[in-house]
Amino acid sequence: MPLMMSEEGFENEEGDYHTLPRARLTRRRGGLEWFVCGGWKFLCSSCCDWLINICQRKKELKARTVWLGCPEKCEEKHPRNSIKNQKYNVFTFIPGVLYEQFKFFLNLYFLVVSCSQFVPALKIGYLYTYWAPLGFVLAVTVVREAIDEFRRFQRDKDVNSQLYSKLTVRGKVQVKSSDIQVGDLIIVEKNQRIPSDMVFLRTSEKAGSCFIRTDQLDGETDWKLKVAVSCTQRLPALGEDCDPPIHESLSIENTLWASTVVASGTVIGVVIYTGKETRSVMNTSNPKNKVGLLDLELNQLTKALFLALVALSVVMVTLQGFVGPWYRNLFRFLLLFSYIIPISLRVNLDMGKAAYGWMMMKDENIPGTVVRTSTIPEELGRLVYLLTDKTGTLTQNEMVFKRLHLGTVSYGTDTMDEIQSHLMNSYSQVHSQAAGNTPGSAPLRRAPSSAPKIRKSVSSRIHEAVKALALCHNVTPVYESRAGVTGETEFAEADQDFSDENRTYQASSPDEVALVQWTESVGLTLVSRDLTSMQLRTPGGQILTFCVLQMFPFTSESKRMGVIVRDESTAEITFYMKGADTAMAAIVQYNDWLEEECGNMAREGLRTLVVARRALTEEQYQDFESRYSQAKLSVHDRTLKVAAVVESLEREMELLCLTGVEDQLQADVRPTLEMLRNAGIKIWMLTGDKLETATCIAKSSHLVSRTQDIHVFRPVTSRGEAHLELNALRRKHDCALVISGDSLEVCLKYYQHELVELACQCPAVVCCRCSPTQKAHVVKLLQQHTGRRTCAVGDGGNDVSMIQAADCGIGIEGKEGRQASLAADFSITQFRHIGRLLVVHGRNSYKRSAALGQFVMHRGLIISTMQAVFSSVFYFASVPLYQGFLMVGYATVYTMFPVFSLVLDQDVKPEMAMLYPELYKDLTKGRALSFKTFLIWVLISIYQGAILMYGALVLFESEFVHVVAISFTALILTELLMVALTVRTWHWLMVVAELLSLGCYVASLAFLNEYFGKSLPESLLAMWHLMFFIVTS
């Protein structure tokens, strides 16, 4: 069985992501300045990408011959059908985890410092002083990664160990999923996962088709209909030889993808692709590891601290006069002042991020929120651009039929009863005529001439329009079984036929379900459907049977779908088609109302579909079928040839009606968008819907205020047209921009920088007819040209690329499935939850992390300042002031709890933050953590460290032996007081943390004789002397 699958069937076209013009960015810098300011990073990344592409060069796809049931005859070697989601193996686990940790400057620095303690000449304290904090950080990381890796291993093992039935010459054989090979005939039962990419050969369903669930593959909740290969489905027993050989073309409907689940019947398929060649694996891309802006800023500050550390050490050696082995003294000073860069910074921040995520998920005001990426909660407080999808995000994706337009008359929700009466009268006349005629009489749709002409015309047109909507779709009615046992299946099926309460509709589009549900509400009900026939129930209860001759599914290129049916009672053949007005306008007969009414409905926010038909004679259909079958058997350019044959039918079709379906807004969309706009966030809407509908939704949702001007970017196809339109946009001020995907593509090709610059000046931007690739492209352009933080919000599989490309991705669990939710960094259940997520939790996370990070650095700076003062007083000796447990305890039990309790601090209550979203604006400027605030904390640390050390030396000169104890006690008390003074809103846990730390220090005095001396309690009786310089500090 020769099969050829093009690469387009497996991968999205993402090549344009990597071909973004960089000339304008690199043109500003050149030579050595460009290399120093980041050019070396670009060169290194380019070389790495080149090596990766060389090592991971894709295998050329070509025709594949598969021997059914005989995998041993395959000449080529194919990958094992095993799933492997593990990041490491036994040999690469430890090196891989250590690399991920030590690629950060902070951890690498402390590794070098800790290793230096093995050199006797450089040792300045106990080994555990340096290795204990570093070991704790690494141990936590290794344990966490080991647990995650073991869980991935268990999941992979469970999937790979699933048993399937394989057909062989000896009968059925049980085989593990990982042992399945190309060419095996596999039996998959109902509710069982499909183990590999297969061609659908046979099913137990009489219709020759089955439903599969693809929610684990693409996140879509709707069932998909798959069709068995007709020649193998007709065989009385699988494996019988056919003479002469049968040639039958295969389509996407004959494929069963790996990781989907069979929803009905039992299927038999032949394995075509296994393991890493399956569609699910090839479509899986590792999302980028997102790093928050706060982490990047802290990394820069850490580098600044390192430079300060080196400068301070050089100054100390210089003041020594470079006496003796000065280079050794230099390194010892580097070790003494190493606490300028606190290793506890990353530990505290990571624990803080986990706490922020827990608070988000426990917030009762935003139930169902899930934090999937716990490393970037602060990003929610730095957003400038919010890019959102429309359908299912701003709207509910619950379609309601609102309007039916026949050209001369329009029906709305308040006049649907008229359609029902017209339809009832029409079918009653047809039934009465059928009762008086023989089966071979004229077509039944001819009404008696006694009816009024205008009445007859309207009834006939309504009759044809409703029948077209009831027939032209891919909806399948599904009935829930009432039988309690498997053996009663046939009885249950007979009992449940045509029972309205048990019937649900399955389709790939909610629009089609809404249309079929509407036809049911007016009296024409779809009661049964399989591959070859459909049954409708009329208002009078009669069953009409139609034979499905051909089906043309909807595609994003054609923007329409069609069906050819034969009425069993009249033998009439009719070609029905429905689609977007842009695609159908050139197909239907001339009319003077379609374009105008489409615009009117779009302005009302309705999604429009144009419905048309064409009657075919038997000769016309036979001629079409022969050409269509020949085109489907073509090996080269099959798609183009099939489309050409179908287009031969799409000429001068009779326009039946125009439908309007409403997608209602989500709850509280308007106040949420208003809040975000007041918070200084610019909102862009990226949708695949038509321009008019997108503009109407933008107005109704108050994304664009009704008093605001809207500049609709005209369609452009050339550079000159794009230049003129950009000039027209430049002359507008304070107006929203509406642009289509085609025009966007042309402008980005010639005037990328100019378009982005002008669009960023607009208060709102609406991009319609956008593909998923274009959505991600827009996100990347905003990041490159503005340097601001972006957030993407979506609910469908077509939003995943945009969500992954943004600095912060938010997924909404909706009608389109969970794919966007699973791929996002944060998952919510309703759009209105975004307001509280950003204005309250995002704001608190950023301000708390900024305060926590600076306070941890202050804690290291103050003790390093005291060490510098101590060394300078004692002739610049490289001798440590505090040793052993004092250094470890200072960063842990003595100060950790009060400092970490800052994650509970808040400057305003959540209610005030929601009431005044303008407070969010200040965060985007990064004033909570900047070089200015950092320098203020540095000066505070230097001042406090100097006062504490000099105060201890001067005031307690008579008790010089206890200077270490007195200064360390003063240091601990100063830190606890600083935390208390920094807190804005007290929490009971903060009080507990303060008292617990103070209690731990007092209790540990009994065990610190080694450092403080035995007469320490007596010296502490004069502790009131410390109050003076503690208050001064």
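For the structure itself, consult the block above.
Because the structure is a prediction, the values reported are computed rather than measured.

A.B. asks: What's the story with the overall build of the protein in this structure? I'm lost.
C.D. replies: Scanning the protein from terminus to terminus reveals 36 helices and 31 strands. Burial statistics for the protein: of 1033 residues in total, 50% are counted as buried. Pairs at least 24 residues apart make up 73% of the contacts formed inside the protein by residues separated by at least 6 positions. Surface accessibility of the protein: about 49700 Å² in total, with carbon and sulfur atoms responsible for 57%.

A.B. asks: Mind showing me how you'd approach the pairing of strand S3 (residues 163-168) here?
C.D. replies: Regular strands have side chains that alternate between both faces of the sheet. Note that S3 and strand S4 (residues 171-176) share six bridges and pair antiparallel. Of the residues in S4, the one forming a bridge with Ser 165 is Gln 174. What sits between S3 and S4 in their antiparallel hairpin is a turn of two residues.

A.B. asks: Looking at this model, I keep getting lost on a nonpolar patch on the surface. Mind explaining?
C.D. replies: A grouping of Phe 897, Trp 988, Leu 989, Val 992 and Leu 996 is seen on the molecular surface, where their side chains present a nonpolar patch of about 470 Å² in accessible area. Here the nonpolar patch takes four residues from helix H33 (residues 988-1004), the largest share from any one element. Within the secondary structure, Trp 988 is located in helix H33.

A.B. asks: Whenever I open this one, helix H10 (residues 344-362) confuses me. Can you help?
C.D. replies: Since the α-helix turns once every 3.6 residues, residues separated by three or four places project in the same direction. The terminal C-alpha atoms of H10, which comprises 19 residues, lie 27 Å apart, in line with the 27 Å expected from a rise of 1.5 Å per residue. The set of residues buried in H10 consists of Ser 344, Leu 345, Val 347, Asn 348, Leu 349, Gly 352, Lys 353, Ala 355, Tyr 356, Gly 357, Met 359 and Met 360.

A.B. asks: Before we go on, may I ask you to explain the sheet that holds strand S30 (residues 808-812) in this structure?
C.D. replies: By definition, the strands of a sheet pair up through backbone hydrogen bonds, in either a parallel or an antiparallel sense. The sheet built from nine strands is open, its strands ordered S12-S31-S30-S29-S13-S25-S28-S27-S26 with mixed pairing. Strand pairing shows two members of the sheet lacking a second neighbour, strand S12 (370-371) and strand S26 (710-712), which therefore form its edges. As defined by bridge partners, S26 adjoins strand S27 (residues 736-740) across three bridges and the pair is classed as parallel. The residue of S27 that forms the bridge with Ile 710 is Ala 736.

A.B. asks: Before we go on, may I ask you to explain the packing of aromatic side chains in this structure?
C.D. replies: Each pair of aromatic rings is reported with the distance of its centres and the angle of its planes. Counting across every chain of the model gives 21 aromatic pairs. Consider the rings of Tyr 109 and Phe 306, whose centres lie 5.7 Å apart with planes at 80 degrees: the pair is edge-to-face. Residue Tyr 109 is located in helix H4 (residues 105-116), and its partner Phe 306 is located in helix H8 (residues 293-320); the two are separated by 197 residues in the primary sequence. Ring geometry for Phe 552 against Phe 575: centres 5.9 Å apart, planes inclined by 85 degrees, an arrangement best described as edge-to-face. One end of the pair, Phe 552, is in strand S20 (residues 543-552); the other, Phe 575, is in strand S22 (residues 573-579), and 23 residues separate them in sequence. By the burial criterion, Phe 552 is buried, and Phe 575 matches it. Members of the aromatic cluster, each reached through a chain of ring pairs, are Phe 552, Phe 575, Tyr 621, Phe 624 and Tyr 628.

A.B. asks: Help me understand the pattern of salt bridges, please; the structure alone is not making it clear to me.
C.D. replies: Under the counting rule described, the total for this entry stands at 24 salt bridges. Where Lys 578 meets Glu 512, a salt bridge forms, and the shortest distance between an N and an O atom there is 2.8 Å. Here the residue Lys 578 occupies a position in strand S22, and Glu 512 occupies one in helix H14 (residues 510-522), the gap between them amounting to 66 residues. Exposure class is identical for Lys 578 and Glu 512. Each is buried. One connected set of salt bridges, linked through shared partners, spans Asp 295, Lys 353 and Glu 378.

The rules behind each value
Residues numbered from 1 in each chain as written. Predicted model: local features only at pLDDT ≥ 70, side-chain atom pairs only at ≥ 80, totals over all residues. Heavy atoms only, no water. Helix = DSSP H or I, 4+ residues; strand = E, 2+ residues; numbered from the N terminus. Buried < 20%, exposed > 50% of the residue type's maximum accessible area, 1.4 Å probe, protein only. Contact = heavy atoms within 4.5 Å. Areas by Shrake-Rupley, 256 points an atom, 1.4 Å probe, with all protein chains shown as cover. Pairing = 2+ DSSP bridges. Patch = residues over 30% accessible without salt bridge, like charges linked within 9 Å, V, L, I, M, F, W, Y side chains within 5 Å. Salt bridge = Lys/Arg side-chain N within 4 Å of Asp/Glu carboxyl O. Expected span 1.5 Å × (residues − 1). Phe/Tyr/Trp six-rings, centres within 6.5 Å; stacked < 30°, edge-to-face > 60°.

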